[in-house]
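Coordinate inspection notes
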Amino acid sequence: MGFGGRWLHLLSLGIIVQLQLARAQTASTFFIPDTNTIVAVNLPEGSDDVNFYVATPDWYQYTAIGFGRSMADALMLVMYPSADGKGVTVSPRLSTGNTEPVFSGGIRITLHEGSGISNSDLIANGTCHSCRVLGAGRPSVEATGASPMMFAVGPSIVLNSDDLDARIRRHVAYGRFTADLVRATGPGGVGDPLNTAASATTVLAGDSSGSMVRDSNRAATAHGVLYIIATLAVAPVDTLIAGACRRWSWLHAFTGTMYFLFVVGAMVPGILISREHVVTQQFRTGHQVLGLLTFVIMACMFFWGIGLSLIKRTAKKRGQEPPESTPLLAAIHRWVGRLIWVLLLISNGLGLRLSEQPTLVMLGYAALAGGVVVFLVPVYFFVWRCFKRQKQKDEAIHELQAIYR
Ligand code: HEM
Ligand SMILES: *[C@@H]1O[C@H](CO)[C@@H](O)[C@H](O)[C@H]1NC(C)=O
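Residues numbered from 1 in each chain as written. Chains lettered and ligands numbered in written order. Predicted model: local features only at pLDDT ≥ 70, side-chain atom pairs only at ≥ 80, totals over all residues. Heavy atoms only, no water.

Observations regarding the overall build of the chain
Note the threshold: Strands here mean DSSP runs of E at least two residues long; helices mean DSSP runs of H or I at least four residues long; both are numbered from the N terminus. The atom set for the radius of gyration is the C-alpha atoms, and the globule formula is 2.2 Å times the number of residues raised to the power 0.38. Exposure classes here rest on a 1.4 Å probe applied to the protein chains alone. A residue is buried below 20% of its type maximum, exposed above 50%, and partly exposed in between. The contact definition used throughout considers only heavy atoms, calling two residues in contact when any of these lie within 4.5 Å. The method behind every accessible area is Shrake-Rupley, applied with a 1.4 Å probe, and residues are considered shielded solely by the protein chains displayed. Residues counted as positive are Lys and Arg, residues counted as negative are Asp and Glu, and His and the chain ends are not counted. The atoms used to mark charge sites are NZ of Lys, CZ of Arg, CG of Asp and CD of Glu.
What the chain contains, in helices and strands, is seven helices and 16 strands. For the chain, whose C-alpha radius of gyration is 31 Å, the value lies well above the compact-globule estimate of 22 Å for 405 residues. Looking at the chain residue by residue over its 405 residues, the buried ones come to 41%. Considering only contacts in the chain between residues 6 or more positions apart, those separated by 24 or more positions represent 68%. When the accessible surface of the chain is summed, it comes to about 21900 Å², and 63% of that surface belongs to carbon and sulfur atoms. Looking at charge distribution, the chain has the averaged site of its 33 positive side-chain charges lying 17 Å from that of its 26 negative ones.

Rendered as structure tokens:
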């Protein structure tokens, strides 16, 4: 049943709603229109428990509520469908900043009847035990007339898991509102929030209570897009120029520098976003290791190239032939350069996989990269042949000149 349906259902139950409103309600119930979510909170007297009830569409990777002002000082309850897609997993998490919150094993949560997935709604009816005072150095839930609360939803990626420590993505939207937790303190639990939703306080609706903030990860997008441009556009151009314009080596010096700067510019946001997620914080994923390794090799080859051109230039100035080792140094520079390109192509693919891109994006990248390779290899081979022939001709002319001198 969609929200509209539920609303009609509520209207038809108007009398019951009235009756239930008349009954002493100690829960604070909120309605968040942007995500069709109902949140109810009750603080039972005589314990440090928190009763919570959340009804939310099941198409978000997760829905989370938090007790506090910011990620760093809030207890967050992250909820997602269980592995079989029928139940709910509620994971209590803490964070030290604006980074992926970490499951906190010491916090106990019980789920009650009514919890589960039904009609594309995820419903969590639970109790967080002793969660009002988690102890020194951890956030506590203060019952004031305007206690800060938070709300967030993940992207529409399926995370059906029983793992309380399941990895989650950065939210697509988050918001902050205040709850009257004094009024929410008392007996009676969370009540029947779905049927009393008409009396819920609407929050995060763009009014004085604040609104949902749409969140996007610009640094991640920049990281991906810049690397794609670097490998599929800048690198091929540079490789062709290096192969075809050997007489004007300053041209390759320029495009090579651009290529290197592009990669540096693409890497920096990648390093910055690495701290956001638990799996990337230690730079141990294949993508990060390969990416950093490739960068180190590339930096070496950048300076190698500068050194090589200095050697050639100095020899020319003195009117000498460059040292005998120069062709070998140049060959290493060329072959390692090609290797770097291959490593970048692979690293990009691993990055797309790490960021859990849809299969279509992965296939698109593979097709594009494959296309560039298939196009470039024969072109490059042709350039190389032409260059070789030109060189042979030059040599022949040199020999002729030597004979007739
Ligand atoms: C992988 C998981 C998460 C990551 C990487 C993440 C990251 C971030 C970042 C970078 C910001 C700052 C956004 C900006 O200034 O534009 C932020 C803010 C916020 N996040 Fe998260 N977040 C995650 C999970 C959660 C969860 C589970 C909640 C639970 C309610 C939450 C609630 C909030 C709220 C309320 C804000 C605004 C207040 C603040 O800056 O702390 N986040 N988050
Ligand atoms: C939530 O759980 C409590 C405690 O078991 C129960 O009394 C209540 O009826 C449940 N609420 C809903 C809406 O299912």
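Considering the site of ligand 1
As a reminder of what qualifies: We call a residue near a given molecule or strand whenever any one of its heavy atoms falls within 4 Å of it. Throughout this description, a polar contact denotes any pair of N or O atoms lying within 3.5 Å of each other; where both atoms belong to protein, one of them has to be capable of donating a hydrogen while the other can accept it, and for residues adjacent in sequence the pair is counted only when both atoms sit in side chains. The nonpolar class holds Ala, Val, Leu, Ile, Met, Phe, Trp, Tyr, Cys and Pro. Asp, Glu, Lys and Arg form the charged class, and all remaining residues, Gly among them, are polar.
Around ligand 1 there are 23 residues in total, and Met71, Asn98, Ile168, His171 and Tyr174 lie nearest to it. The side chain of asparagine 98 places a nitrogen or oxygen atom 3.1 Å from an oxygen atom of ligand 1. Between a nitrogen atom of ligand 1 and a side-chain N or O atom of histidine 171, the distance comes to 2.7 Å. Mapped onto the shell around ligand 1, the elements with two or more residues apiece are strand S5 (75–81), strand S11 (147–153) and strand S12 (173–179). Among the residues making up the shell around ligand 1, the classes are represented as 11 nonpolar, six polar and six charged.

Some points on the state of the cysteines
To keep it simple, the criterion reads: A pair of cysteine sulfur atoms is labelled a disulfide when the two atoms are within 2.5 Å.
This model, assessed by the stated rule, comprises one disulfide. The disulfide that involves cysteine 128 links it to cysteine 131, with 1.9 Å between the sulfurs. The disulfide joining cysteine 128 to cysteine 131 has a torsion of about -65° about its S-S bond and is therefore left-handed. As far as burial versus exposure is concerned, cysteine 128 and cysteine 131 are alike and both buried.

Describing the coordination of the iron atom of ligand 1
Which entries qualify depends on this criterion: Donor criterion used throughout: N, O or S atom within 2.8 Å of the metal, extended to 3.2 Å for Na, K and Ca. Water excluded; incomplete-looking sites may result. When four donors show all angles between 85 and 135 degrees the site is tetrahedral, when four or six donors have opposite pairs over 155 degrees and all other angles between 65 and 115 it is square planar or octahedral respectively, and in every other case it is irregular.
Protein ligation of the iron atom of ligand 1 involves Met71 (SD) and His171 (NE2), the donor distances falling in the range 1.9 to 2.1 Å. In this structure, the iron atom of ligand 1 is surrounded by six donor atoms whose angles at the metal cover 85 to 178°, and the resulting shape is octahedral. Of this pair, methionine 71 sits in the loop between strand S4 (63–67) and S5 while histidine 171 sits in the loop between S11 and S12, and the two are 100 residues apart along the sequence. Accessibility classification places methionine 71 together with histidine 171 in one group, the buried group.

Some details on the confidence of the model for the chain
What counts here: A residue's pLDDT is the confidence the predictor assigns to it, expressed on a 0 to 100 scale.
On average, the chain scores 90 in pLDDT, and the residues at 70 or more come to 92%. In this model, residues 1–23 is a region of pLDDT below 50 whose contacts with residues beyond four sequence positions or in other chains number 23 contacts.

What to know about the pattern of salt bridges
Our working rule: A carboxyl oxygen of Asp or Glu within 4 Å of a side-chain nitrogen of Lys or Arg is what we treat as a salt bridge.
The final tally for this structure, using the stated rule, is five salt bridges. Put simply, arginine 170 and glutamate 276 hold a salt bridge, and the shortest N to O gap is 2.8 Å. One end of the pair, arginine 170, is in the loop between S11 and S12; the other, glutamate 276, is in the loop between helix H4 (249–274) and helix H5 (286–317), with 106 residues separating them in the sequence. Connected through shared salt-bridge partners, Glu100, Asp165 and Arg167 make up one network.

Let's talk about helix H6 (residues 326–354)
In plain terms, the rule: Each residue after the first adds 1.5 Å to the expected span of a helix.
For H6, spanning 29 residues, the distance from its first C-alpha to its last is 41 Å, which sits close to the expected 42 Å at 1.5 Å a residue. Glutamate 356 sits one or two residues past H6 and shows a positive phi near 50°.

Concerning the environment of alanine 198
Note on placement: alanine 198 falls in the loop between S12 and strand S13 (201–202). Accessibility expressed as a relative area gives 51% for alanine 198, which makes it exposed. Along the backbone, alanine 198 and valine 158 are 40 residues apart, and their C-alpha atoms lie at a distance of 30 Å.

Some remarks on the site of ligand 2
Around ligand 2, the structure places Tyr53, His112, Glu113, Gly114, Asn125, Gly191 and Asp192. At a separation of 3.5 Å, an oxygen atom of ligand 2 approaches a polar backbone atom of glutamate 113. Note that an oxygen atom of ligand 2 is positioned 2.3 Å from one of the side-chain N or O atoms of asparagine 125. The protein chains hide 58% of the 360 Å² of surface that ligand 2 would expose on its own. The class makeup of the residues in the shell around ligand 2 is one nonpolar, four polar and two charged.

Regarding the packing of helix H3 (residues 218–244) against H6
Applied cut-off: To define axes, lines are fitted to C-alpha atoms, for helices over the stretch in contact only, and angles between the resulting N-to-C directions are given on a 0 to 180 degree scale. By definition in this entry, angles of less than 35 degrees are roughly parallel, angles greater than 145 are roughly antiparallel, angles of 65 to 115 are roughly perpendicular, and the rest are oblique. It is the rotation of the near helix from the far one that decides the hand of a crossing: anticlockwise by less than a right angle makes it left-handed, clockwise makes it right-handed.
At their nearest, the axes of H3 and H6 sit 10 Å apart, and the two run at 155° to each other. By the angle between their directions, the pair H3 and H6 is classed as roughly antiparallel. Crossing handedness for the pair H3 and H6: left-handed. Listed contacts from H6 to Tyr227, Ile228, Thr231, Leu232, Ala235 and Pro236 of H3 are Trp341, Leu344, Leu345 and Asn348. Taken together, the residues of the contact of H3 with H6 break down into eight nonpolar, two polar and no charged.

Section: the UniProt feature "transmembrane region" (unreviewed entry) in the chain
Heads up, the condition is: UniProt positions are given in the numbering used here, feature names are shortened, and annotations may be inferred rather than shown by experiment.
In the numbering used here, UniProt assigns the "transmembrane region" (unreviewed entry) feature to residues 224–243, 250–272, 292–311, 332–350 and 362–383. For residues 224–243, the helix share is 100%, the strand share is 0%, and the end-to-end C-alpha distance is 27 Å. Along residues 362–383 the backbone is 100% helical and 0% strand, and the end-to-end C-alpha distance reaches 31 Å.

Regarding the environment of valine 372
Note that valine 372 resides in helix H7 (residues 359–404). Taking the C-alpha atoms as reference, valine 372 lies 6.8 Å from leucine 232; in sequence the two are 140 residues apart. With near-sequence residues (within four places) excluded, valine 372 lies in contact with Leu232, Pro236 and Trp341.

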